[in-house]
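Take a look at the letters that make up each chain.
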Amino acid sequence: MSIFDELTRLKDEVTSEIRGASTLEVLEETKIRVFGRKGGALTTILRGLGSLSAEERPEVGRQANEIKEFLEGLLAERQAELRGEALEGRMLEERIDVTLPGCWPPPGRIHLINQVIRQIKDIFRGLGFGVIRGPEVETDFYNFEALNIPADHPSREMWDSFFLREGLLLRTHTSPVQVRVMEASEPPVRIIVPGKCYRRDAVDATHFWEFHQVEGLLVDEGVTFADLKGTLEVFARALFGKRRRARFNPSYFPFTEPSAEVMVDCFLCEGAGCRMCKNSGWIEIMGCGMVHPRVLSRVGYDTERYTGYAFGMGVERIAMLSRGIDDIRLLFEGDDRFLRQF
Ligand code: PHE
């Protein structure tokens, strides 16, 4: 076969190969096979030109170059075509439908517990109380001793505790902050203390090892139980509705004397008796009392001059009562399906 025939055959073959290449990779293979410096079909033929006679060489050389240019042109064309197709395909694949609804992270919300704490704070701020916090890791002294609960006193059983090392424990109530505030300041004292507390309680629908309280403390000259009653009744109405009445049942706390439980007439049945109030018509919302003189004198307050009252309420209990929640655990599980209702 003459070089000329070889060239013509190669041209036809490669032309149809290039036209038929379905991907850029296949095309690249063809390119290497034809134009490759080492062993490329066309390259090999062109090298053979040297063995031609001086008369043949220019003509065959010209034709060879023509074919080379033709095939290179064809290759570039097909390459551009295939690239265009590939881009088209990617654009289709990655198409963004701008008419679809957007998706964005759901906005955060304030946890029901903090909503209720804010509500309580607002009410007491309106009554002139300041808001402070205290440590969750307490000493035995502040959690018990200073609150008139000596080590061997049976009333310690009211607060089953998580003890840490060296006389430290997780506070079982917010009452220790009463003592810390009185140590740090002189009367008049008028504060509330929201915060977390911990008790070694068995977990059930109304008990959890972690919970929140809001403590209240007011000490001044001439403070009486009547002030306590009036203040807490205003609070109960602000929280549970204008028609509410408050009742004070005798109770016992080592750091208040006298002590009482605050009952509010049931806002669900208006006192007639229902499931919420266990048919009594009344719901207990907190403990309170007049600050025990021993607590006052321990912080150096003159008990002849000053008297005061204190109260402490469970935030979870108030949240559950006011929102109709029947299991405290729901408040700690962090399940958004539950929480986003509030
Ligand atoms: N600290 C008490 C408790 O946790 C509640 C309380 C506070 C009672 C203040 C009286 C005065 O049970």
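Look above for the structure.
This write-up is about the structure you can find in this document. (Residues numbered from 1 in each chain as written. Predicted model: local features only at pLDDT ≥ 70, side-chain atom pairs only at ≥ 80, totals over all residues. Heavy atoms only, no water.)

**Some points on the overall build of the chain**
Item 1. A tally of regular secondary structure across the chain gives twelve helices and ten strands.
Item 2. The C-alpha atoms of the chain give a radius of gyration of 44 Å, which is well past the 20 Å a tight globule of 342 residues would have.
Item 3. Expressed along its principal axes, the backbone C-alpha trace of the chain runs to roughly 135 × 50 × 35 Å.
Item 4. Scored against the burial criterion, the 342 residues of the chain give a buried share of 42%.
Item 5. Across the chain, the fraction of contacts at a sequence separation of at least 24, relative to all contacts at a separation of at least 6, is 67%.
Item 6. Accessible surface computed for the chain: about 19300 Å², of which carbon and sulfur atoms make up 52%.
Item 7. Side-chain charges in the chain split into 45 positive and 53 negative, and the spacing between the mean points of these groups amounts to 4 Å. (Helix = DSSP H or I, 4+ residues; strand = E, 2+ residues; numbered from the N terminus. Rg over C-alpha atoms; globule rule 2.2 N^0.38 Å. Buried < 20%, exposed > 50% of the residue type's maximum accessible area, 1.4 Å probe, protein only. Contact = heavy atoms within 4.5 Å. Areas by Shrake-Rupley, 256 points an atom, 1.4 Å probe, with all protein chains shown as cover. Lys, Arg positive; Asp, Glu negative; His and termini not counted. Charge placed at Lys NZ, Arg CZ, Asp CG, Glu CD.)

**A look at the nonpolar core**
Item 1. Counting residues in hydrophobic clusters, the biggest one holds 47 residues, and the most contacted among them are Phe 124, Leu 232, Phe 235, Ile 285, Phe 311 and Met 313.
Item 2. Leave out the neighbours within four places in its chain, and Phe 235 touches Ile 120, Ile 123, Phe 124, Ile 285, Met 286 and Met 313.
Item 3. Counting residues in hydrophobic clusters, the runner-up holds 25 residues, among them Tyr 142, Leu 147, Val 177 and Phe 253. (Core = buried A, V, L, I, M, F, W, Y, C linked by side-chain atoms within 4.5 Å.)

**Points about the state of the cysteines**
Item 1. Going through the model one piece at a time under the given rule, you end up with zero disulfides.
Item 2. You can see Cys 288 has no disulfide; the closest cysteine sulfur is in Cys 197, sitting 17 Å from it.
Item 3. You can call Cys 288 buried: its relative accessible area is 2%. (Disulfide = S-S within 2.5 Å.)

**Focus: the site of the ligand**
Item 1. Residues in close proximity to the ligand total 15 residues, the closest being His 173, Ser 175, Arg 199, Gln 213 and Glu 215.
Item 2. Within the side chain of Trp 159, one N or O atom sits 3.5 Å away from an oxygen atom of the ligand.
Item 3. With the chains in place, 93% of the 320 Å² that the ligand exposes on its own is no longer accessible.
Item 4. The set of elements that each furnish at least two residues to the shell around the ligand consists of β6 (210-221), β9 (282-291) and β10 (306-314). (Near = heavy atom within 4 Å. Polar contact = N/O pair within 3.5 Å; in protein donor to acceptor, adjacent residues only side chain to side chain.)

**What about the packing of helix α1 (residues 3-20) against helix α2 (residues 24-35)?**
Item 1. In the contact formed by α1 and α2, the axes pass within 9 Å of each other and the chain directions differ by 160 degrees. The angle between the axes of α1 and α2 places the two elements in the roughly antiparallel class. Considering how the two elements wind past one another, α1 and α2 form a crossing that is left-handed. When α1 is examined against α2, the residues Val 14, Glu 17 and Ile 18 are found in contact with a partner set consisting of Leu 27, Thr 30, Arg 33 and Val 34. (Axes fitted to C-alpha atoms, helices over the stretch in contact; angles between N-to-C directions. Parallel < 35°, antiparallel > 145°, perpendicular 65-115°, else oblique. Left-handed = near helix turned anticlockwise from the far one by under 90°.)

**Quick notes on the pairing of strand β8 (residues 256-265)**
Item 1. For β8, the tally of buried residues reaches seven of ten residues, placing the bulk of the element in the interior.
Item 2. Across seven bridges, the pairing between strand β7 (residues 246-253) and β8 is antiparallel. Within the sheet, the bridge partner assigned to Ala 246 lies in β8 and is Val 264.
Item 3. The loop that links β7 with its antiparallel partner β8 comprises two residues.
Item 4. Judged from the eight bridges that link them, β8 and β9 form a sheet pairing that is antiparallel. Bridge pairing in β9 links Asp 265 to Trp 282. (Pairing = 2+ DSSP bridges.)

**Some words on the sheet that holds β8**
Item 1. An order of β1-β5-β6-β10-β9-β8-β7 is seen for the seven strands of this open sheet, with the pairing classed as mixed. Two strands in the sheet have a free side with no partner beyond their single neighbour: β1 (130-131) and β7.
Item 2. Sheet strands in contact with helix α5 (residues 112-126) are β1, β5 (189-198), β6 and β10, and its direction is about 170 degrees off that of β5.
Item 3. The sheet strands contacting helix α7 (residues 176-184) are β5, β6 and β10, and the helix crosses β6 at an angle near 40 degrees.

**Points about the sheet that holds strand β3 (residues 162-163)**
Item 1. Strand order in this open sheet of three strands is β2-β4-β3, and the pairing throughout is antiparallel. Looking at which strands have only one partner, the edges of the open sheet turn out to be β2 (137-139) and β3.
Item 2. Taken together, the two bridges between β3 and strand β4 (residues 168-170) define a ladder with antiparallel strand orientation. Paired with Phe 162 across the two strands is Leu 170, which belongs to β4.

**A short note on α2**
Note: α-helices contain 3.6 residues per turn, so residues at a spacing of three or four share the same orientation.
Item 1. Counted at 1.5 Å a residue, the expected span for α2 with its twelve residues is 16 Å, and the 16 Å between its end C-alpha atoms agrees.
Item 2. Among all positions of α2, only Leu 27, Thr 30, Val 34 and Phe 35 are buried. The buried residues of α2 occupy one face: seen down the axis, they fall within an arc of 100 degrees. With respect to the buried face of α2, the exposed residues turned more than 90 degrees away are Glu 25, Glu 29 and Ile 32.
Item 3. The elements touched by buried residues of α2 are α1, α3 (41-47) and α4 (56-93). (Expected span 1.5 Å × (residues − 1). Arc of directions from axis to C-beta.)

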